[in-house]
Amino acid sequence: MSSTAPSLSAALPAESTPADPRRGWILFCLLALYIIWGSTYLAIRWTIQGGFPPLLMAGTRFTLAGIILYAVLRLRGMPAPTRPQWKAGAFTGLLLLVIGNGGVAFAQQSVPSGVAALVVGSMPLWAALFGGLFGGVWPGRAERWGLALGFFGIVLLNGGGELGHQWLPALVLLFAPVSWAFGSIWGRRSPSMPQGLMATATQMLCGGVILVGLSFALGERLAGVPDTRALLAFGYLVAFGSLVAFSAYGYLLRNARPAIATSYAYVNPVVAVLLGVGLGGETPGPYAFVAMTAILGAVMLITRKAAAQPRREPSVPVPETTTP
């Protein structure tokens, strides 16, 4: 399977110039999302296989990353968030991390990592719908074809048995990108979000605490000390999947067009499936490859159209996604 990522020069906001210092950061953030988030699906699988309960793993991961980022920002003199900002961060963290990322971790108990990445890759399809609801910019003809093609790919995954035979993980996985897309669009337009990386910190802290509480409420417990591979994968998720990549996603949403910020959906499934096959011993069936072609083609139709439009939204701090 293959996909064509958007040119890196297209990632720059319309008002950018070659001397704009954001250029280098945008390029770095894109590469971070393309590579790191594509690899987190296999890392999540390894943590679960190695002894971590899925929701407890996700909650601990984001709580630790949030504490670290919050402490660093406060030491650097950034003011503490106000009560409305905490509320906005908690709501966005619920959508992105609890339902979005936590749902992916829960589903990967029975769904292969590559297939999970492919389903999450449908997020731009939902973002196009929510963008119409929030901004009044509804999909055109090409985008409507993209939506239909993407939904066909998801149905094909389910019909081919690629989502497994347990209905609850499959349902949770299908809903995860919907929540991630809604959280991304809502948070981008919310005037109550904290500034800069403090938005990321509040979302990870609040989302992580909610996930830990949900984990205990559902009876998740560590049966013993996770194995070495699981511990290393967990450390990777905290340091790179959360602190680096999630912060990079927030920077892109504040400084690049939404279509560019979500363009990681082109590359993540490719990286995830290749790593799943090469390192995880996964063997995707023929339905998975056909569905992946459909979903990636749909995402390309939608984001190609969106990338050609001028950027109209104001820059509002918020980090998606989630996804992973």
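Look up a bit, the structure's there.
This structure is a prediction, so every number in the text was calculated from the model and none was measured. (Residues numbered from 1 in each chain as written. Predicted model: local features only at pLDDT ≥ 70, side-chain atom pairs only at ≥ 80, totals over all residues. Heavy atoms only, no water.)

J.: I would appreciate a short explanation of the overall build of the protein chain in the present structure.
T.: Counting its secondary structure elements, the protein chain contains 12 helices and zero strands. In the protein chain, the order of α-helices and β-strands from amino to carboxyl end is α-α-α-α-α-α-α-α-α-α-α-α. Sorting the 324 residues of the protein chain into buried and exposed places 56% on the buried side. About 13300 Å² of surface is accessible on the protein chain, with carbon and sulfur atoms providing 69% of the total. (Helix = DSSP H or I, 4+ residues; strand = E, 2+ residues; numbered from the N terminus. Buried < 20%, exposed > 50% of the residue type's maximum accessible area, 1.4 Å probe, protein only. Areas by Shrake-Rupley, 256 points an atom, 1.4 Å probe, with all protein chains shown as cover.)

J.: Would you mind showing me how to read the layout of surface pockets here?
T.: Remark: the empty space left among the atoms is shown by a probe the size of a water molecule rolled over them. As a volume, the second largest pocket reaches approximately 300 Å³. As for the second largest pocket, its lining consists of 13 residues, of which Trp 25, Leu 197, Ser 247, Ala 248 and Tyr 251 are closest to the centre. Put simply, the parts of the chain that give the lining of the second largest pocket at least two residues each are α1 (22-49), α2 (54-75) and α9 (228-255). When residues in the lining of the second largest pocket are grouped by element, the largest group, seven residues, is from α9. Considering only residue class, the lining of the second largest pocket consists of 10 nonpolar, two polar and one charged. (1 Å grid on protein atoms, 1.4 Å probe; cavity = no way out; pocket = protein on both sides within 12 Å on 5 of 7 lines; lining within 4 Å. Points joined across faces, edges and corners; volume = space filled by probe spheres on them. Nonpolar A, V, L, I, M, F, W, Y, C, P; charged D, E, K, R; others polar.)

J.: Explain the packing of α1 against α9 to me, please; I cannot follow it from the model alone.
T.: Any two packed helices are characterised by the angle at which their axes cross and by the distance between the axes. One can describe the packing of α1 onto α9 by two numbers: an axis separation of 7 Å at closest approach and a directional angle of 145°. Here α1 and α9 pass one another in a crossing that is left-handed. Its residues assigned to classes, the contact of α1 with α9 comprises 25 nonpolar, six polar and two charged. (Axes fitted to C-alpha atoms, helices over the stretch in contact; angles between N-to-C directions. Left-handed = near helix turned anticlockwise from the far one by under 90°.)

J.: Explain the environment of Val 72 here, please?
T.: Its location among the elements puts Val 72 in helix α2. Here the alpha-carbon distance between Val 72 and Ala 201, two residues 129 residues apart in the chain, equals 9.9 Å.

J.: Help me understand the environment of Thr 63 in this model?
T.: Looking at the secondary structure, you find Thr 63 in helix α2. Assessed through its relative accessible area of 17%, Thr 63 is described here as buried. In sequence terms Thr 63 and Gln 203 are 140 residues apart; their C-alpha atoms lie 9.5 Å from each other. Sequence-distant contacts of Thr 63, that is, excluding residues within four places in its chain, are made with Met 204, Leu 205, Gly 208, Val 209 and Val 212. (Contact = heavy atoms within 4.5 Å.)

J.: Looking at this structure, how should I read the packing of aromatic side chains?
T.: Note on aromatic pairs: each is described by the distance of the centres and the angle between the planes. Applying the stated criterion across every chain, the model contains 11 aromatic pairs. Centre to centre, the rings of Trp 25 and Phe 28 are 6.0 Å apart; their planes meet at 90°, and the pair counts as edge-to-face. With Trp 25 and Phe 28 both in helix α1 and three residues apart, this pair spans about one turn of that helix. Summarising the aromatic geometry, the rings of Trp 37 and Tyr 249 are spaced 5.3 Å apart at their centres and angled 55° between planes, so their arrangement reads as tilted. With Trp 37 in helix α1 and Tyr 249 in helix α9, this pair connects stretches of sequence that are 212 residues apart. As far as the burial class goes, Trp 37 and Tyr 249 line up, both buried. By way of ring pairs, the aromatic residues Trp 37, Phe 62, Trp 180, Phe 246 and Tyr 249 are connected into one cluster. (Phe/Tyr/Trp six-rings, centres within 6.5 Å; stacked < 30°, edge-to-face > 60°.)

J.: Where do I start with the nonpolar core in this structure?
T.: A general trend in soluble globular proteins is that nonpolar side chains are found buried together. In terms of nonpolar packing, the biggest core is built from 54 residues, with Leu 33, Trp 37, Trp 180, Tyr 249, Leu 252 and Tyr 264 touching the most fellow members. Sorting elements by how many residues they give to this core places α1 first, with 13 residues. Counting residues in each nonpolar core, the second largest holds 12 residues, with Ala 107, Ala 117, Val 120 and Ala 272 among its members. (Core = buried A, V, L, I, M, F, W, Y, C linked by side-chain atoms within 4.5 Å.)

J.: What am I meant to see in helix α3 (residues 83-107) here?
T.: Across its 25 residues, α3 extends 33 Å between first and last C-alpha, which sits within 8% of the 36 Å expected from 1.5 Å per residue. At Leu 94, α3 is deflected by roughly 35°, the largest bend along its length. (Expected span 1.5 Å × (residues − 1). Bend = angle between axes of the 7 residues up to and from the residue.)

J.: Please explain the packing of α2 against helix α8 (residues 197-217) as it appears in this structure.
T.: One way to put it is that α2 packs onto α8 with a least axis distance of 7 Å and a crossing angle of 150°. Relative to α8, α2 is oriented roughly antiparallel. Crossing of α2 over α8 shows left-handed handedness. Across the contact of α2 with α8, the residue classes tally to 19 nonpolar, seven polar and one charged. (Parallel < 35°, antiparallel > 145°, perpendicular 65-115°, else oblique.)

J.: Is there a simple way to think about α9 in this case?
T.: In an α-helix, one full turn covers 3.6 residues, which means residues spaced three or four apart are oriented alike. When the terminal C-alpha atoms of α9 are compared, their 38 Å separation across 28 residues agrees well with the 40 Å that a helix rising 1.5 Å per residue should span. Where α9 bends most, the angle comes to about 30°, and this point is Leu 237. By the N-cap criterion, in which a side-chain oxygen at the helix start approaches the backbone nitrogen of a residue two or three places on, α9 is capped by Asp 227, the distance to Arg 229 being 3.3 Å. (Polar contact = N/O pair within 3.5 Å; in protein donor to acceptor, adjacent residues only side chain to side chain.)

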